[in-house]
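# Working through the structure, step by step
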Amino acid sequence: MKQKSYRRGYAVAVLIGIEQDHATIWQVFSQVAKHQENIRLNGDRKDQKALYNFQESIVNALRPTLKEGVKSIIIASPQKTNYAQDFQNHISAHHAWLSQGTNKATITPITGQASTPAQVATLTKTLTFKELIQQTADQETENLLEILEKRLNTADNLVLFSLQEAENLILSTQAPGKLKPEYLLLTDTYLSSSRQKGRLQRLMQIAKNKSVKTRVIKAESTAGARLTQLGGIVCLAKPE
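Criteria and cut-off values
Residues numbered from 1 in each chain as written. Predicted model: local features only at pLDDT ≥ 70, side-chain atom pairs only at ≥ 80, totals over all residues. Heavy atoms only, no water. Helix = DSSP H or I, 4+ residues; strand = E, 2+ residues; numbered from the N terminus. Buried < 20%, exposed > 50% of the residue type's maximum accessible area, 1.4 Å probe, protein only. Contact = heavy atoms within 4.5 Å. Pairing = 2+ DSSP bridges. Axes fitted to C-alpha atoms, helices over the stretch in contact; angles between N-to-C directions. Left-handed = near helix turned anticlockwise from the far one by under 90°. Nonpolar A, V, L, I, M, F, W, Y, C, P; charged D, E, K, R; others polar. Salt bridge = Lys/Arg side-chain N within 4 Å of Asp/Glu carboxyl O.

A word on the environment of Lys-178. Within the fold, Lys-178 resides in the loop between helix H6 (163-171) and strand E7 (179-187). Under the relative-accessibility criterion, Lys-178 is labelled exposed at 53%. Taking the C-alpha atoms as reference points, Lys-178 and Leu-236, separated by 58 residues in sequence, lie 13 Å from one another. With sequence-adjacent residues up to four places away left out, Lys-178 is seen in contact with Lys-238, Pro-239 and Glu-240.

Shown next, in the form of structure tokens:
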């Protein structure tokens, strides 16, 4: 099981394929896309209540992945349709938390279909999709860098700078009133070159189980360069 998880890489985005009567959600990892859920539209698109419930079901299906720290959402819909724009409008109208603030998600539409593994395989191989993944990743890391710098500028020791310190906080039981781990950030170079991969993978899995948002960031990005300056791994804490 561990080998399979390692081969798929680290999470980079959520892909939503929206069609006339259904949506398909995929978790996009650095090596592969994994099917998550199918959601059907119960009714007609012209029925505003049915469409609202359908779009709400998509948002609810995204929540667990977003809580894990994935903040890049790509919406695929066929040519000459407004499905992606309709969903973005729904988010703007009813879920401001997804588009505003430091924890906002980067939401980007793309023309294409993503209902079947074959369609997703074709879509993810296109240059447009690869460029989109890079753009959304850059935006997400900028948001994370903003959070990191704000925490660094506080006097509350909200940034831990080593694997050992991250372990001490994440593996311990958080008592009321004490600091709680919120983000575990590391560069892809730190992950690939670590001589303690087993220890690191264990920490990442426990962090995920405890709903600590874990992100692997490209070392050559602006946020990655900043993380490298800090040792390649940091844990961001927040007061309980």
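Let us now look at the sheet that holds strand E2 (residues 22-29). The sheet built from five strands is open, its strands ordered E3-E2-E1-E4-E5 with mixed pairing. For this open sheet the edge positions go to strand E3 (33-40) and strand E5 (106-111), each flanked by a neighbour on one side alone. For this sheet, the mean angle separating the axes of adjacent strands, direction not counted, is 20°. Across the face of the sheet, helix H2 (residues 48-67) comes into contact with strand E1 (11-18), E2, E3 and strand E4 (72-77) while running at roughly 150° to E3. On the sheet, helix H5 (residues 127-152) packs against E1, E2, E4 and E5 and is oriented at approximately 170° with respect to E5.

Strands in a sheet are paired, the pairing made by backbone hydrogen bonds, and the direction either parallel or antiparallel. Strand order in the open sheet formed by four strands is E6-E9-E7-E8, with mixed pairing between adjacent strands. Of all strands in the sheet, those bounded by a partner on one side alone are strand E6 (159-160) and strand E8 (213-217). As paired strands, E7 and strand E9 (residues 233-239) are joined by seven bridges and run antiparallel to one another. Residue Leu-179 lies in a different strand from E9, and its bridge partner there is Pro-239. The strands touched by H5 within the sheet are E6, E7, E8 and E9, with E9 carrying the most contacts at an inclination of about 65°. With respect to the sheet, helix H9 (residues 222-229) is in contact with E7, E8 and E9, its orientation differing from that of E7 by roughly 110°.

It is the contact of H6 with helix H8 (residues 197-209), at a shortest axis distance of 11 Å, that shows an interaxial angle of 35°. Helix-helix and strand crossings are classified by hand; for H6 and H8 the assignment is left-handed. Between H6 and H8, the contacting residues are Leu-163, Gln-164, Ala-166, Glu-167, Ile-170 and Leu-171 on the first element and Arg-199, Leu-200, Arg-202, Leu-203, Ile-206 and Ala-207 on the second. For the contact of H6 with H8, a count of residues per class yields eight nonpolar, one polar and three charged.

Next up on the list: the pattern of salt bridges. The full count for this structure, using the stated rule, is five salt bridges. Across the pair Lys-150 and Glu-146 runs a salt bridge, and its minimum N-O distance is 3.5 Å. Here Lys-150 pairs with Glu-146, and both are found in helix H5, just four residues apart, close to one helical turn. For Glu-146, a relative accessible area of 39% puts it in the partly exposed group. Here Glu-149 and Arg-226 are joined by a salt bridge, their closest N and O atoms 2.7 Å apart. Of this pair, Glu-149 sits in helix H5 while Arg-226 sits in helix H9, and the two are 77 residues apart along the sequence. When its relative accessible area of 26% is taken as the criterion, Glu-149 is described as partly exposed. The class for Arg-226 is partly exposed, based on a relative accessible area of 24%.

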